[in-house]
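Coordinates in review
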Amino acid sequence: MSLFASLPRPLWGLLLSGLGMLIISPDGMLLHMIRQAGLWETLFWRCLGIGVTLFVGLLVLYRQRLWGMIRGLGRVGLLSVLTLTASNLLFVDAMVHTSVANTLVFMASMPLWSAICGLLFIREAVQPRTWGAIALGLGGIGVIVSDSLRLGGDSLHGDMAALGAALAFGLNLVVLRKADNRDMTASLMLSEGMTALIALPFVSTWSLPTHDMMLLGFQGLVYLPLALTLFMAGARYAPAAEVALLSLIETVLGPLWAWLVLSEAPSARALLGGALIIAAVAGNTLLGMVQARRPVLLVKD
């Protein structure tokens with residue numbers, strides 16, 4: 001225990017965030033293991049579980065202060081709730097209609113969309129290296145979409161939903177930059193509740209197999225809240241660029257779990273497109289880290 005207590009806070013943050021991403025990596029595989037629950041049933045039970053678990057956790061942590069924290073979210077909090085709700089809806093829709101690999105690779109492009117949203121909405125400058133990463137990432141997206149067009153079926157629908165989810169989450173990151181030091185965990189809780197409410201009128205059956213209910217209960221009540229809490233807790237202490245790199249753990253391991261357990265092997269084009277997107281995001285982040293750590297030389301007159 002003393003060994004962990006002696007670790008620097010940034011390293012603690014990286015360990016917590018990395019553990020969160022490791023825990024969440026089988027999420028796509030578990031969604032594809034659901035047999036009879038449709039899109040709306042999956043959204044309702046999954047998001048209801050996450051929302052209730054987060055509410056209980058925040059209530060224990062903040063007690064009477066929780067209501068003040070929710071009221072203090074303001075306009076930024078409302079925008080965060082809306083963008084997270086859109087991301088929830090589109091992410092599960094993508095998982096229902098396309099492969100785990102396609103969904104997670106498109107979600108990995110989220111930092112690139114965040115950069116574009118930052119330019120459009122808060123006039124945040126985009127570095128030349130980031131424009132290069134965006135171009136490379138768009139090339140990877142084009143390769144995967146061309147594969148979905150070739151295969152036909154619902155795959156293109158799922159790809160577009162995954163792109164929408166990445167865009168919504170990227171926009172949420174821009175919104176959060178206006179949150180100052182406010183704890184925005186409550187916005188995550190509220191977005192899960194709002195997603196469940198949106199799904200509620202479309203739920204066609206309340207009688208689901210025990211297998212499906214166990215999977216949805218495990219996702220909503222146990223491992224997703226745990227993984228998200230660990231990731232967000234670590235992100236408070238570790239540098240943002242390094243945390244962004246850790247999010248690629250799910251992108252790499254998620255399709256691997258689906259392949260090993262469900263024999264869901266990605267196509268050659270999906271692998272190529274995914275490699276381009278991961279290279280774009282990882283390369284841009286690493287270059288940014290190097291640039292940030294480069295010493296500044298002061299020249300005296």
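All of these numbers come straight from a predicted model, not from anything done at the bench.

**A word on the overall build of the protein chain**
Secondary structure summary: the protein chain contains 15 helices and zero strands in total. With 301 residues in all, the protein chain has 46% of them scored as buried. Residue pairs in contact within the protein chain that sit at least 24 positions apart in sequence constitute 88% of those at least 6 positions apart. Summed over all atoms, the accessible surface of the protein chain reaches about 15500 Å², with 70% contributed by carbon and sulfur.

**Describing the layout of surface pockets**
To find leftover empty space, one rolls a probe the size of a water molecule over the atoms. By volume, the second largest pocket is sized at about 240 Å³. When the residues that make up the lining of the second largest pocket are grouped by side-chain class, the tally is eleven nonpolar, two polar and no charged.

**Here we look at the environment of Leu82**
Checked against the element boundaries, Leu82 lands in helix α6 (residues 74-97). Separated by 203 residues in the primary sequence, Leu82 and Thr285 place their C-alpha atoms 27 Å from one another.

**Side note on empty space enclosed by the protein**
Applying the stated criterion to the full structure yields one cavity of 30 Å³ or more. Around the largest cavity, the lining residues are Ser109, Leu112, Trp113, Ile116, Ile134, Gly137, Leu138 and Ile141. Taken together, the elements giving at least two residues each to the lining of the largest cavity come down to α8 (110-122) and α9 (128-151). For the lining of the largest cavity, the leading source of residues is α9, giving four residues.

**Structural notes on the packing of helix α7 (residues 100-108) against helix α14 (residues 248-262)**
At a minimum axis distance of 9 Å, the contact between α7 and α14 shows a crossing angle of 175°. Here α7 lies roughly antiparallel to α14, going by the angle between them. Judged by residue contacts, Val100, Ala101, Leu104, Val105 and Ala108 of α7 engage Leu248, Glu250, Thr251, Gly254, Pro255 and Ala258 from α14. Of the residues belonging to the contact of α7 with α14, the class tally is eight nonpolar, two polar and one charged.

**Considering unusual backbone geometry**
A positive phi angle is found at Arg63, which is not glycine, with a value near 55°. Summarising the element assignment, Arg63 is placed in the loop between α4 (39-62) and α5 (65-71). You will see that Ser263, though not glycine, has its phi angle at about 55°, which is positive. Of note, Ser263 is situated in the loop between α14 and α15 (268-293). Among the residues examined, Ser263 registers a relative accessible area of 60% and is labelled exposed.

Thresholds, definitions, all that
Residues numbered from 1 in each chain as written. Predicted model: local features only at pLDDT ≥ 70, side-chain atom pairs only at ≥ 80, totals over all residues. Heavy atoms only, no water. Helix = DSSP H or I, 4+ residues; strand = E, 2+ residues; numbered from the N terminus. Buried < 20%, exposed > 50% of the residue type's maximum accessible area, 1.4 Å probe, protein only. Contact = heavy atoms within 4.5 Å. Areas by Shrake-Rupley, 256 points an atom, 1.4 Å probe, with all protein chains shown as cover. 1 Å grid on protein atoms, 1.4 Å probe; cavity = no way out; pocket = protein on both sides within 12 Å on 5 of 7 lines; lining within 4 Å. Points joined across faces, edges and corners; volume = space filled by probe spheres on them. Nonpolar A, V, L, I, M, F, W, Y, C, P; charged D, E, K, R; others polar. Axes fitted to C-alpha atoms, helices over the stretch in contact; angles between N-to-C directions. Parallel < 35°, antiparallel > 145°, perpendicular 65-115°, else oblique.

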